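Observations on the three-dimensional arrangement
This is what each chain is made of:
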Amino acid sequence: MNHHYDVIIVGARVAGSTLAYELSRAGYEVLLVDKGEFPSDILSTHNFFNNSLAILREMGVLDRLLQTRTPLYKRAVVQFEDAVIDGDFPEVNGESDCLCIRRLHLDQILFEHATSQPGVTSLEGFRVTDVIREGNTVTGITGVHRSGETQQFTAKLVVGADGRNSTLRKRVNSAQIMAVPTDYASYVGYFSGYEQDGDIHVELYRINDNMVIVFPTSDQLYVVGVMFPLDDEAWSERFAQSPETAMRDLIDSGFGDSPLPARVQKSTLVGKVRGLRGYDNDWHQGMGEGWALVGDALSFKDPAVGQGMHDALVSARTLTNVLSQHANWETEWEQMAQSYQSLAEAKMMSRYHMACQITKNVPFTPEQTMVNRLVAAHPEATSAFLGMYNHALEPQQFGEVIGRLLQGS
């Protein structure tokens, strides 16, 4: 194995493997390392809206993902109190279908796809412990194999693709630019025997203080995510003592005016309920001398907006494009960092702000309730609302649609 590369990527899941693939296509020599081994699971919403499927198809990996027989869907049913929004996600780049594929399948397939590319070397079971520096510039990594052996590798650039608690980000002292703490605790479980009415679809409910998201996923399962206020000590204690019982009880007691309780009652939990508590919607400095960040290491958003998978793909592509436009990295760090930060913000920031709104436990105002009912009543507004999630249009454009419909009412 070589010890010097153009780029070392720390973290080999969605963002890291995508970046390795993109860098290989651009002609770079890449070392892709991960502390885990594949296949392995991880807590995640793992949903791709149809705009992301266009990228997966371009990467040449979509057909293999579909071979897992994970169901495709187009429809969404969203219930905000008494307003029920029901419609299909608008087409984007010729793609109509969405895909919520379990990380057990997704990460392994993307990892194998990346490591099959020329110039990509992979190393599993290698935990990065620190970075190597020459002056202010990061020039490599130090890490430990599962055997306990310590080893170093050097590169022109080291990239952190190691998630919202990124070790690489901490080691390079990336500045936190924004942070909006969530008001919610989130718990997720996989269920078999969950049955929907009509076409297979994603479900989102927000009633009073609680939210539930349901996605059809791989292995004939549905992934159910429950969110309740983080400061609700009674529910927090119940989830700590018996997560499955608490999840079922919260759904029964809080969502009686929806079809959700009956569907969950008839279904069976597969595996364990897992929780995520006390996270921030954050945004960090994306690049410095000898280092960069992609995916959740760059920006983590509330899972309710379902943007994590898309932003992993987009940030990897964006970074590759920036690197490809500069021949002398060692003398152009500042220009590259400014370009990468600007492009990433242009592509991802609007949904970050959506997440910052969703993550707050604030009741719907009378004006918001009126808009929710309008969206539920008008197919054009429904399409525009769902189009914010799959990037068919921007939030500002959704506001323009609503304004026009209100003027005509």
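Located above this text is the structure these notes cover.
Keep in mind the model is a prediction, meaning the values are calculated, not measured.

This part takes up the side chain of Arg 13. For Arg 13, the position within the fold is in the loop between strand E1 (4-10) and helix H1 (14-25). Residue classification places Arg 13 among the buried positions, given a relative accessible area of 15%. Not counting the four nearest positions on each side in its chain, Arg 13 is found in contact with Thr 18, Asp 34, Phe 38, Ser 40, Asp 41, Ile 42, Arg 103 and Asp 107.

What follows covers the packing of aromatic side chains. Evaluated as defined, the whole model comprises 18 aromatic pairs. Geometrically, the ring pair formed by Tyr 28 and Trp 329 is tilted, given 5.3 Å between the ring centres and 45° between the ring planes. Remark: Trp 329 occurs in the loop between helix H9 (308-324) and helix H10 (333-358) and Tyr 28 occurs in the loop between H1 and strand E2 (30-34); sequence separation between them is 301 residues. On the basis of relative accessibility, which here comes to 4%, the residue Trp 329 falls in the buried class. With a centroid separation of 5.7 Å and an interplanar angle of 80°, the aromatic rings of Trp 283 and Tyr 352 are classed as edge-to-face. One end of the pair, Trp 283, is in strand E18 (residues 280-284); the other, Tyr 352, is in helix H10, and 69 residues separate them in sequence. For Trp 283, a relative accessible area of 0% puts it in the buried group. Tyr 352 sits in the buried class, given a relative accessible area of 1%. Members of the aromatic cluster, connected to one another through ring pairs, are Phe 49, Tyr 73, Phe 80, Phe 89, Phe 364, Phe 385, Tyr 389 and Phe 398. The aromatic ring of Tyr 190 is capped on one face by Arg 102, whose charged end is 4.6 Å from the ring centroid.

The rules behind each value
- Residues numbered from 1 in each chain as written.
- Predicted model: local features only at pLDDT ≥ 70, side-chain atom pairs only at ≥ 80, totals over all residues.
- Heavy atoms only, no water.
- Helix = DSSP H or I, 4+ residues; strand = E, 2+ residues; numbered from the N terminus.
- Buried < 20%, exposed > 50% of the residue type's maximum accessible area, 1.4 Å probe, protein only.
- Contact = heavy atoms within 4.5 Å.
- Phe/Tyr/Trp six-rings, centres within 6.5 Å; stacked < 30°, edge-to-face > 60°.
- Lys NZ or Arg CZ within 6 Å of the ring centre and 35° of its normal.

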